[in-house]
Amino acid sequence: MSDEVEIEDAPPGYRSYVWQYFGFLIKKDKDSNRVTDKTKTVCKLCYAVIPYTTSNTTNMNHHLQRHHKNVKTAPEKTSLPKGQLTMKQALTPILPPSSPRAKQITRLIGEFIADYMAPFNIVENRKFIQMFNVLEPKFKMPCRGHFSEKVIPEIYNEIKRSVKECLKNADCVALTTDGWTSRATQSYITITAHVINEKWESKSFVLQTRELSESHTGVNIAHVLRNALTEWELTRPQRTIACVTDNASNMDIAVRESGLHPHIKCLAHVINLASKRGLAVSRVARLLGRVRSVTTFFHKSTTATAVLTNKQTQLDLPRHKLITDVQTRWNSTYEMLARYLEQQAAVSAALSCAEIRRNAREIDTLDNADISDVEDIVKLLKPLKTATTVLCDEKEPTVSLIMPLKHMIEQSMSPDENDTQTIASMKSAILLDITGRYSGDCNDMLQECAALDPRFRSLSHLNDEQRESVYARTREKASGLHVQRNKTSDTDEKTRASASTSGSAAERVFVMAEAAQGAEQSQEEPVERERQMQDVIQPPPPKKTALEDLLGRSYTTVEAVQSSRGIEMEILSYRNGIPIPLNSSPLEWWKVNAYTYPILAPFAKAYLCIPATSVPSERVFSTAGDIVSAQRSLITPEHVDMLVFLKKNQC
């Protein structure tokens, strides 16, 4: 049979695997010329003739499966470069959900929902889908359940791992916490964490926003805090975690029960309480009521507002609207009074117009004595307003700000013989409220924080005896922390680095002192510099013997002595430095000078990571309010937690 049948191989363009075993039948015409018959194929294994239709290899494939089962009939799979689609995929009208392109688009939509605080059902919006049909016609939009139950949780877990890694690598962590109630009347507790990384950059994270369905007692809040410490792996051996909260008594109990220490009261809340005490003075309260009635009248009357705008134009005054204060925000009261003074001429002119006078008969306008009192009140409250602005606007409102600002407020509230009775009463009320804040151990700790801020290291708000006491405590605590860090070193390399940092009292301390003097450009007298040089120059330490290598840690105190000598020189050099400008960043300064002060720097990092206010937690309220909106008040607490986390931690 093989001698009688001639076979012609298929052309190279025929790529099906069956052409390895089949060819076309060759016949001879009447003139004995060879002609290829492409209506039949011949099996190269058994020479069976199989009918063939163009581009159809089904018959040949069936023949191989029936008569030549030992022949490899499955096509070999070829590996494609990563991201490249097969021909079938490229021609498919819809992207498979598992394709890299579809996954990328789905992920970006999830990030958009989290960042824009969009509702999950936006993916079912007709115009939203239409937009994607234009941008990527092959992409099929997943349902909102896919985003709420799969995409957002995946992004949340990914960012959560990143945040936990950052917290794990931080030497010290501080927390802030506060509670709020959503539109759906669900209570939540928000916790934020604050660290300073190895680059001396301040980092803040919203850890969680968890529902608290029970009453907001200190015990219940403490349970939430303890769970957060465990979930985020924040507990460290021999390390405390500071917590900043408002002045509520339940927060006192919660922080104490959860084992957090120290507990810092939010300075913004302290200022708020003191200001409210001053504004509660009877004469001031009556004035506020009269100003509030005027501003409310203009807010409710469109006619009065139009007349006021016209008068502002005529008197060349800024076209600002009057402000009505909010009882829970004292600074809104300050803004109301300041705006009233700015627009007082326009207000008086508007109220004198006949067209609105008949509707404003019950309004008790302010006379000259009242205006004078309002001016004095605004002047008195301005330092408090400025302090609040500093705390809210400063990029790094560290706890070191508390005592200098508190001292400034106390100074501005000191009695003056020229004060009116109203102002004297306000000063007395504010001073009485704020003086008792931050006392005892908290006062000591906050003064040490101020000392470690290079802007306030002169401690000019203290007397000489108090300054010496603050730096004595700083010296003792920094040295203790340094020794503790050395004892907990895990490797010999770290131990040697630590020893070279705190030891070498001869060369290291001398170089350190000169580097500090050069970096800070301190202007010292030659005699003083010579005295310091005599203090620090010591003979080099003798070489360790084998016995000292074996038993030195247990039976000698050389390390403690060297540490004590090193911290003495660091404190001296640090105190002699010139305070940096108030608009400078203390963290930037420590970033540059950390190697100059290797014992003080870790202590400074531990203190400066603590924020001065609980504003970071409170800022979550407005974000959460946009998430738990009237359009989606039924959103689950779990999704509230994830969306707030992703929004504030920038997924």
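Above this text you will find the structure in question.
Small disclaimer: the values here were computed from a predicted structure and weren't measured. (Residues numbered from 1 in each chain as written. Predicted model: local features only at pLDDT ≥ 70, side-chain atom pairs only at ≥ 80, totals over all residues. Heavy atoms only, no water.)

Asker: Residues and numbers for the overall build of the protein, please.
Answerer: Helices and strands together make up the secondary structure of the protein, namely 27 helices and 9 strands. Counting only residues that meet the buried cut, the protein has 44% of its 651 residues in that class. Sequence-distant contacts in the protein: of pairs separated by 6 or more residues, those separated by 24 or more amount to 67%. By element, 51% of the accessible surface of the protein is carried by carbon and sulfur atoms, the whole surface being about 35500 Å². (Helix = DSSP H or I, 4+ residues; strand = E, 2+ residues; numbered from the N terminus. Buried < 20%, exposed > 50% of the residue type's maximum accessible area, 1.4 Å probe, protein only. Contact = heavy atoms within 4.5 Å. Areas by Shrake-Rupley, 256 points an atom, 1.4 Å probe, with all protein chains shown as cover.)

Asker: Describe the sheet that holds strand β4 (residues 49-51), naming the residues involved and giving the relevant values.
Answerer: Across a sheet, strands are paired by hydrogen bonds formed along the backbone, either parallel or antiparallel in direction. Pairing is antiparallel in the open sheet, where 4 strands are placed in the order β1-β2-β3-β4. Edge positions in the sheet fall to β1 (6-9) and β4, since each of these pairs with one other strand and no more. Strand-to-strand twist in this sheet, taken as the mean axis angle between neighbours without regard to direction, amounts to 60°. Where strand β2 (residues 22-28) meets strand β3 (residues 34-43), 7 bridges bridge the pair, whose relative direction is antiparallel. In the sheet register, F22 faces β3, and the bridge partner there is C43. Helix α1 (residues 58-67) contacts β2, β3 and β4 of the sheet and is inclined by roughly 140° relative to β4. (Pairing = 2+ DSSP bridges. Axes fitted to C-alpha atoms, helices over the stretch in contact; angles between N-to-C directions.)

Asker: Please provide a residue-by-residue account of unusual backbone geometry, values included.
Answerer: With omega at 0°, the peptide bond leading from H261 into P262 counts as cis. When you line up the elements, P262 lands in the loop between α7 (249-258) and β9 (263-265). Even without a glycine there, the phi angle at M117 is positive, about 55°. Along the chain, M117 turns up in the loop between α3 (100-116) and α4 (126-135). By relative accessible area, which is 18% here, M117 ends up buried.

Asker: Can you lay out the nonpolar core for me, pointing to particular residues and giving the numbers?
Answerer: F298, L381, I402, W590, L600 and I610 are the most contacted members of the largest nonpolar core, which totals 94 residues. A total of 9 residues in this core trace back to one element, the largest contributor, which is helix α14 (residues 368-393). If near-sequence neighbours (up to four positions away) are discounted, W590 is found in contact with W200, L452, P454, Y574, Y597, L600, A601, A604 and L608. With 56 residues, the next largest nonpolar core counts F128, F139, L260 and I635 among its residues. (Core = buried A, V, L, I, M, F, W, Y, C linked by side-chain atoms within 4.5 Å.)

Asker: I'd like a rundown of α1, residues and numbers included.
Answerer: Considered for burial, the residues of α1 that qualify are M60, N61, H63 and L64. Angular distribution of buried residues about the axis of α1 spans 160°; they occupy a single face of the element. Each element contacted by the buried residues of α1 is listed here: β2, β3 and β4. (Arc of directions from axis to C-beta.)

Asker: Tell me what's going on with the packing of aromatic side chains, and back it up with residues and numbers.
Answerer: Under the defined criterion, the tally for this structure stands at 22 aromatic pairs. Members of the aromatic cluster, joined through ring pairs, are F112, Y116, F128, F132 and F139. Above the plane of the ring of W232 lies K160, whose end atom (NZ or CZ) is 5.2 Å from the centre. (Phe/Tyr/Trp six-rings, centres within 6.5 Å; stacked < 30°, edge-to-face > 60°. Lys NZ or Arg CZ within 6 Å of the ring centre and 35° of its normal.)

Asker: For helix α11 (residues 330-342), give the residues involved together with the corresponding values.
Answerer: Between its first and last C-alpha, α11 extends 19 Å over 13 residues, near the 18 Å set by a 1.5 Å rise per residue. Looking at α11, one finds that the buried residues are W330, N331, S332, T333, Y334, M336, L337 and Y340. (Expected span 1.5 Å × (residues − 1).)

Asker: Pulling in residues and values, what's your account of the sheet that holds strand β6 (residues 187-196)?
Answerer: Pairing within the open sheet is mixed, and its 5 strands lie in the order β7-β6-β5-β8-β9. Each having just a single partner strand, β7 (202-211) and β9 make up the two edges of the open sheet. Within this sheet the neighbouring strands show an average axis-to-axis angle of 25°, counted without direction. In terms of strand pairing, strand β8 (residues 242-245) meets β9 through 3 bridges, oriented parallel. Its bridge partner lying in β9, T245 is registered against K265. Strands β6 and β7 of the sheet are contacted by helix α5 (residues 144-169), whose axis makes an angle of about 130° with β7.

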